[in-house]
Amino acid sequence: MNSEHWNKVDELLGAVLELAPEARSTYLADQCGGDVELRVEVEKLVAAHERSGKFIETSAMNVVARAVASDTLRTRMREKIGPYRVISLLGVGGMGEVYLAKDSRLARKVALKILPAPFTFDTDRIRRFEREARAASALNHPNIVTVYDIGEHDGIHYIATDYSEGETLRTRLTRGPMPLAEAVRAAVQMAEALGAAHSAGITHRDIKPENIVLRNDGYVKVLDFGLAKLAKQPVVTGSLSLPPPSQSGIVAGTVKYMSPEQARGDDVDARTDLWSLGVLLYEMVTGQSPFEGKSQASVFDAILNRTPTPVTELNDNLPSNLESIINRALEKDPELRYQSAADMRADLRRLERMSKASSSRLSRTMTRLKGDRRYGIGWRAIAAIGIAVAALVAIFSFLFSKQEEQVQRVVGPDWTSAKSIQLTTGAGPEFYPVLAADEKMFLYASPASGNWDIYWQRMGGKNPVNLTRDSLADDTQPSYSPDGVYIAFRSERTPAGIYVMEATSENVRRLSDTGYNPSWSPDGRELVVGGDPSNSPTIRSLIPSPLWIIDVATVTKRQLTPGDAVQPSWSPNGHRIAYWGLHEGGGRRDIWTIPAHGGPPVAVTDDDALDWNPLWSPDGQYLYFASNRGGSMNFWRVLIDERTGETKGTPESVTTPSVYSHHLSFSRDGKRMAYVQRVETQNLHRIAFDPVKNRTTGEKENIIHGTEYVTEPDVSPAGDWLVYSSQGERQEDIYLIKTDGSARRQLTNDPFNDRSPRWSPDGSRIAFYSDRSGRYEIWLINVDGTGLRQATFTSGSSSVYPVWSPDSSHLVFKQRNELPFIIDANKDWDEQTIQQFHPPVAPSENFWPFSWSSDGSRIAGQMSMGGRNSVVIYNNETKSYETIAPGVRPFWARDNRGVFFNYERGIHYADIETKKTREIVSFPGHEVRSACLSPDGRSLYITLRRTEADIWLLSIEPLAKVNQRP
């Protein structure tokens, strides 16, 4: 039976079951004509339906697929599918069979999804199957299934994913409704997963209990992106490498969980997934579906036209605010539904927090009652007291929740109904918005003139004024003084540092030779400045970047913090300064506050989320910050005591209509918020190259292109694979991919930061640095993912940037303010005889190695001299250093006669003998970040960064009032 025949069976079965029993025979005779086999097959399935009332929930495709799976399992158990040995059948559906299998290379269990044999010649089914793998692999989130591999073996198409020990939500629901805490905890994680998918432009479209796994460790995993669809994005900078999505007008999904727009076959967006999540939440707490029917048509009618029974009527122990969450998720009009997963997750988290508080109070009460047994209180008395206390607790909880909501309305503005206004529309990025005190104008920084300048623009105007047009250097990070008379800013003019000028751009003067992101004290007498936030976490972990307080009048300064601290924000009453920084020896970033006069810092966040960009609310009662804790980079706030730094609750989301938001600024009354909406990608490309003339010979070709963030690629010695890291994403791991863009697989998959992978010249191992030991050290791993081991166990600062010797026997690595070290790559740490580079002539010059010449004689690196980075060559024989040209991140040409390096957003080439340099390639509107050359010298692999960013305003007041403000 071919796939076309199967589809006809499934179509006829659905139509027949809609008919009255007496009309079915005539209908089948008419539809099947002389195809006796087709009619018999449908009649068998109709008979099976009559024997099982719930059979309608399993399509004919699933029934036949399960039969095929049982027939083929025995065969597949005896053989391997590629590198995977099948262990047992986990499940089967119309789109695939899922097996538990073992990866023979990495000795780990995987879930192996296989396209059913009858579909192996069905182009559309194969395309949907591949779309599932590519959609899931484009995401990187602990609550989303991780795709390890996709491939084809002897005509069998497969996807290998992580195997989660646990049960599906469908299995769990067979035991009845879930306790409220368990259901809300699971829903929060589902919302986080959907938020990550939606921020990447992916709509799942098939959220149902079968696609949710409840792991034994409490984690929830969202599976099966077979119906995934790319959402329309407000700014288009590329697309995920997915096959074309399903066309509008075609109903895709599972009926009970479809949104109204999905059931009608209309275009859908991320809000359809939030409807489905609302259906799941309803089922989890009640044990029944909100939209029931005896046929598909009746279910469609319920979805489109009927309101489900309130959950509080089905279970009177459920709180009313849960009812509100479900009702909003199940709004039939998408405009009235939750607009983002982050919004829904925030409401669920509030519900979870209040449930925990009520549970804790009740637990303490019952503990006291149990203790009263010593005093001879009778059981009836205890029961009576318990009932009374429970009633009081319920009343208190209700009042407490109402009081909490009222406090939030009074203390913190409600941004959920705020209106959006786009303030800038220029090409490229506009950063660092600052609202003026009179709210009639704002400042920002832009590279529109060719270098970064500070611009003044009227609110609602379209003609910005360049305030730093007389400077050809970059001027950024403006900050208005409290009285609006002065503007402090960071400038790269000579000498670089913190400058201040009048708001009219007159009387520019330098205050400090160090510092970034100036923030004024409330009295306008001092500035606090931090380290360079644009430096990589690695550089900042090696070079301290403390906070400094600068007296504006006397230009004297004092150090406030010893460790890493950037983007400071002075609290409105002057008590504390907020900042973010890196933990000692690691890459995790968190937010702290510190007394303005000095003292111990107090943590605001302490989690694995990427938290940064703190800013105090104008009344000092909230600290706002940017974070990816909701799946995308958006704003959060936490209630805080400005005097002590003590937080008074958990962070709550303040979601903007943007995938990536940062750089906050508030109006004085706190009712308007200026911020940056940013879209940034860093993708991997290949360009044909002439190794004789050292020039490119063609246009760039995409290897990885879309919403991903690819860093530091390195090509294998055979020239057929690339290794790279995902530094900058929520989880930083090492990946392998073929140079044609196929067969990508994840080499590491853990919460640690794995960076700067380098392929050994013999092709067997990859060196990288990671904080998996608690601090950054050099690690080695075999190309097949086995043999992970720590290569360095250093003291002092972190060890980073491994570089291989050409014979794969030694490694060079770097520590802060230390000369580079050389170790034997084949010996354990306690067997090492560590070598170190000779010092340069000037001890203050700090050499960072990046590439070892193939003849072993020289090492190319970079050195900071006089505030400028230059390409420098270290001679292994003479132990001397030679400066070649300004630039960073050099790597050797194939003939060792020159080096390529980054300079002014492009790749340049320098001849070692003549020191003549020339640009090899650049792309206007993009920044070339890192590059490597194939072993034959005929392909140049580069990562390109593109940033589009505009300034927007969120306003709680009507837009007309903002635009017409006097």
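Going by the structure above, here's the rest.
Here the structure is a predicted model, which means the values were calculated and not measured.

Rules used throughout
Residues numbered from 1 in each chain as written. Predicted model: local features only at pLDDT ≥ 70, side-chain atom pairs only at ≥ 80, totals over all residues. Heavy atoms only, no water. Pairing = 2+ DSSP bridges. Helix = DSSP H or I, 4+ residues; strand = E, 2+ residues; numbered from the N terminus. Polar contact = N/O pair within 3.5 Å; in protein donor to acceptor, adjacent residues only side chain to side chain. Core = buried A, V, L, I, M, F, W, Y, C linked by side-chain atoms within 4.5 Å. Buried < 20%, exposed > 50% of the residue type's maximum accessible area, 1.4 Å probe, protein only. Phe/Tyr/Trp six-rings, centres within 6.5 Å; stacked < 30°, edge-to-face > 60°. Axes fitted to C-alpha atoms, helices over the stretch in contact; angles between N-to-C directions. Left-handed = near helix turned anticlockwise from the far one by under 90°. Contact = heavy atoms within 4.5 Å. Nonpolar A, V, L, I, M, F, W, Y, C, P; charged D, E, K, R; others polar. Arc of directions from axis to C-beta. Expected span 1.5 Å × (residues − 1). Parallel < 35°, antiparallel > 145°, perpendicular 65-115°, else oblique. Patch = residues over 30% accessible without salt bridge, like charges linked within 9 Å, V, L, I, M, F, W, Y side chains within 5 Å. Areas by Shrake-Rupley, 256 points an atom, 1.4 Å probe, with all protein chains shown as cover. Salt bridge = Lys/Arg side-chain N within 4 Å of Asp/Glu carboxyl O. Lys, Arg positive; Asp, Glu negative; His and termini not counted. Charge placed at Lys NZ, Arg CZ, Asp CG, Glu CD.

### Some thoughts on the sheet that holds strand β13 (residues 431-435)
And step 1. Read across the sheet, 4 strands follow the order β13-β14-β15-β16 without closing on themselves; strand pairing throughout is antiparallel. Strand pairing shows two members of the sheet lacking a second neighbour, β13 and β16 (465-466), which therefore form its edges.
And step 2. Where strand β14 (residues 441-446) meets strand β15 (residues 453-458), 6 bridges bridge the pair, whose relative direction is antiparallel. Bridge pairing links L443 to W456 in β15.

### Some details on the environment of H198
And step 1. Looking at the secondary structure, you find H198 in helix α7 (residues 180-199).
And step 2. At 2.9 Å, the side chain of H198 forms a polar contact with the side chain of D273.

### A word on the environment of I202
And step 1. Mapped onto the fold, I202 is located in strand β8 (residues 202-203).
And step 2. Considered as a pair, I202 and D269 are 67 residues apart in the sequence and their alpha carbons are 8.7 Å apart.

### What about the nonpolar core?
And step 1. Counting residues in each nonpolar core, the largest one holds 46 residues, and the members touching the most others are L169, M190, L281 and M284.
And step 2. Of all the secondary structure elements, the ones that give two or more residues to this core are α6 (169-173), α7, β9 (212-215), β10 (220-222), α9 (271-286), α10 (296-305), α12 (320-329) and α13 (341-371).
And step 3. The dominant element in this core, judged by the number of residues it contributes, is α7, at 10 residues.
And step 4. Counting 27 residues, the second largest nonpolar core, distinct from the first, contains W580, I591, W616 and Y622.

### Structural notes on the pairing of β9
And step 1. Here strand β7 (residues 166-168) pairs with β9 via 3 bridges, running antiparallel. Across the sheet, the residue bridging to G166 is R215, located in β9.
And step 2. As defined by bridge partners, β9 adjoins β10 across 3 bridges and the pair is classed as antiparallel. Bridge pairing in β10 places L214 opposite V220.
And step 3. Between β9 and β10, which pair antiparallel and follow one another directly, the connecting turn spans 4 residues, one of which, G218, has a positive phi of 95°.

### Quick word on the sheet that holds strand β40 (residues 745-746)
And step 1. Spatially, β37-β38-β39-β40 is the arrangement adopted by the 4 strands of the open sheet, whose pairing is antiparallel. The sheet is open, and its two edges are formed by β37 (711-715) and β40, each paired on a single side.

### Remarks on the packing of aromatic side chains
The geometry of an aromatic ring pair comes down to the distance between the two centres and the angle between the two planes.
And step 1. Taken as a whole and assessed by the stated rule, the structure comprises 27 aromatic pairs.
And step 2. Between F431 and W452, the aromatic rings sit 5.7 Å apart at their centres with planes inclined by 25°, giving stacked as the arrangement. Separated by 21 residues along the polypeptide, F431 in strand β13 and W452 in the loop between β14 and β15 bring together distant segments of the chain. By the burial criterion, F431 is buried, and W452 matches it.
And step 3. For the ring pair Y801 and W848, a centre distance of 6.0 Å and an interplane angle of 75° mean the geometry is edge-to-face.

### Remarks on the packing of α9 against α12
When two helices pack together, their arrangement is given by the angle between the helix axes and the distance between those axes.
And step 1. With their axes 8 Å apart at the nearest point, α9 and α12 run at an angle of 145° to one another. Here α9 and α12 pass one another in a crossing that is left-handed. Contacts between α9 and α12 pair L274, W275, G278, L281, Y282 and V285 from the former with L322, I325, I326 and A329 from the latter.
And step 2. Residue composition of the contact of α9 with α12, by class: 9 nonpolar, 1 polar and no charged.

### Regarding α12
And step 1. Listed in full, the buried residues belonging to α12 are L322, E323, I325, I326 and A329. The buried residues of α12 occupy one face: seen down the axis, they fall within an arc of 160°.

### Things to note about α9
And step 1. Compared with an ideal rise of 1.5 Å per residue, which puts 16 residues at 22 Å, α9 spans 23 Å between its outermost C-alpha atoms and is within 8% of the ideal.
And step 2. Of all 16 residues making up α9, 16 are buried, and the element is well covered by its neighbours.
And step 3. Residue G287 follows α9 closely and has a positive phi angle near 80°.

### Quick look at the environment of T171
And step 1. Counting through the fold element by element, T171 comes out in helix α6.
And step 2. Between the alpha carbons of T171 and V213 there is a distance of 9.4 Å; along the sequence they are 42 residues apart.

### Some points on the packing of α7 against α9
And step 1. Close contact between α7 and α9 brings their axes to 10 Å; oriented N to C, the two are set at 170°. The angle between α7 and α9 places the two elements in the roughly antiparallel class. Taking contact as the criterion, the partners of A183, A186, A187, M190, A191, L194 and H198 in α7 are, on α9, D273, L274, L277, L280, L281, M284 and V285.

### Concerning the side chain of R345
And step 1. Counting through the fold element by element, R345 comes out in helix α13.
And step 2. Assessed through its relative accessible area of 4%, R345 is described here as buried.
And step 3. Contacts of R345, omitting those with residues within four sequence positions, involve V188, A191, E192, R629 and W636.

### Overview of unusual backbone geometry
And step 1. With an omega dihedral of -5°, the bond running from T494 to P495 counts as a cis peptide bond.
And step 2. Turning to its location among the elements, P495 is positioned in the loop between β18 (486-491) and β19 (497-502).
And step 3. At Y432, a position not held by glycine, the phi torsion is positive, near 55°.
And step 4. Located in the positive-phi region is N896, a residue other than glycine, with phi close to 65°.

### Here's the deal with the pairing of strand β55 (residues 906-911)
And step 1. Taking burial as the measure, the 6 residues of β55 include 6 buried ones, the bulk of the element.
And step 2. Burial of β55 is two-sided: the residues G906, H908 and A910 facing one way and the residues I907, Y909 and D911 facing the other way are all buried.
And step 3. Two elements, strand β54 (residues 898-903) and β55, share 6 bridges in a ladder whose sense is antiparallel. Residue pairing across strands places V899 opposite A910, the latter belonging to β55.
And step 4. Pairing analysis gives 4 bridges linking β55 to strand β56 (residues 917-921), with the strands arranged antiparallel.

### Topic: a positive patch on the surface
And step 1. The grouping of K80, R85, K102 and K109 at the surface amounts to a positive patch.
And step 2. Note that K102 resides in strand β3 (residues 96-103).
And step 3. According to the relative accessible area criterion, K102 is partly exposed, its value standing at 35%.

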